[in-house]
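For reference, the chains in residue letters:
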Amino acid sequence: MTNLAAEIEFSGIKPLHVAIIMDGNGRWANERGLPRTMGHREGAKAVSRAIESALDHEIKYLTLFGFSRENWSRSPSEVSAIMGLLRLHLMQDVDKLKNEGIAIRFIGGRDKLPADVRDLIEKSEQETANNQRLYLTLAVDYGGRQELTDAARRLAKLVLEGEKSLKDIDEFLFSQHLATYGMPDPDLIIRTSGEQRVSNFLLWQMAYSEFWFTNVHWPDFSKKTFDEAVRIFQRRERRFGS
Ligand code: FPP
């Protein structure tokens, strides 16, 4: 395809914020007779490809669902393998991400994470805080309902303490108490591996998001898959309820 043809192919409004439910690491491994942890290891490589694709498309916000609140119920060895991958990549890749102009942020709980991972998370956020090319958010120990109940609790406290009154509570104030405060809502949510569900991800923020589901397992997620998602998004007509 010529550059011009590629440009025409991609014409249309680009998503400002793409969020991805990365699914299918386990199935990818099962299909190959490999341990599930190998699927996660390959999944981490797909994370790098998704970040590169976001940069290629000049997408400003990329949010990845890395580990849900419910994922703690997996076997201790699997949980520890995922935490190990997170630790490894936070140690290995943050300098590169920083030099690429990427700002890293984490949403979700931190209390249950291993202490050294928590420290690496804080360090990665601080070191990249001034970057503006791509805002990369990793949802780890994240649950949408928990995020909403936390926001409700914080607002209730403000009302009880007399800082706010009931009539102050509107959508804008509520969204200011979410973990994603300051970020636009996702325009496009991608889920891999054939499942068509939301799994407690960004429940408030997805009110008007477009969804794209692909059968590709996360470890096979390529730049081409990302291109396809963007292209399909650009053909959709968004009406935001009007
Ligand atoms: C979904 O596959 C994937 C996860 C729950 C973990 C995601 C982890 C990674 C991509 C590894 C690297 C992570 C970071 C944040 C660097 P699944 O295990 O639910 O697959 P299945 O549904 O086929 O069992």
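Residues numbered from 1 in each chain as written. Predicted model: local features only at pLDDT ≥ 70, side-chain atom pairs only at ≥ 80, totals over all residues. Heavy atoms only, no water.

Next up on the list: the pairing of strand 3 (residues 102-107). With 5 of its 6 residues buried, strand 3 lies for the most part within the structure. Here strand 3 pairs with strand 4 (residues 134-142) via 6 bridges, running parallel. Residue pairing for strand 4: I102 is matched across the bridge by L134. (Buried < 20%, exposed > 50% of the residue type's maximum accessible area, 1.4 Å probe, protein only. Helix = DSSP H or I, 4+ residues; strand = E, 2+ residues; numbered from the N terminus. Pairing = 2+ DSSP bridges.)

As enumerated under the stated definition, the model contains 9 aromatic pairs in all. With centroids separated by 4.8 Å and ring planes inclined at 75°, the aromatic side chains of F67 and W72 adopt a geometry described as edge-to-face. Looking at F67, the relative accessible area reads 2%, which means it is buried. For W72, a relative accessible area of 22% gives the class partly exposed. An aromatic cluster of three or more residues is present, and its members are F65, Y142 and F201. (Phe/Tyr/Trp six-rings, centres within 6.5 Å; stacked < 30°, edge-to-face > 60°.)

Among the nonpolar cores identified, the biggest contains 40 residues, and I20, L62 and F226 are the most heavily contacted of them. Residues contacting I20, with those up to four places away along its chain left out, are A50, L62, T63, L64, F65, I190, F201, W218, F221 and F226. In this structure, A19, I21, A139 and M206 belong to the second largest nonpolar core, which totals 10 residues. (Core = buried A, V, L, I, M, F, W, Y, C linked by side-chain atoms within 4.5 Å. Contact = heavy atoms within 4.5 Å.)

Over its 13 residues, helix 8 (residues 223-235) runs 19 Å from end to end, which matches the ideal 18 Å to within 8%, given 1.5 Å per residue. The set of residues buried in helix 8 consists of T225, F226, A229, V230, F233 and Q234. (Expected span 1.5 Å × (residues − 1).)

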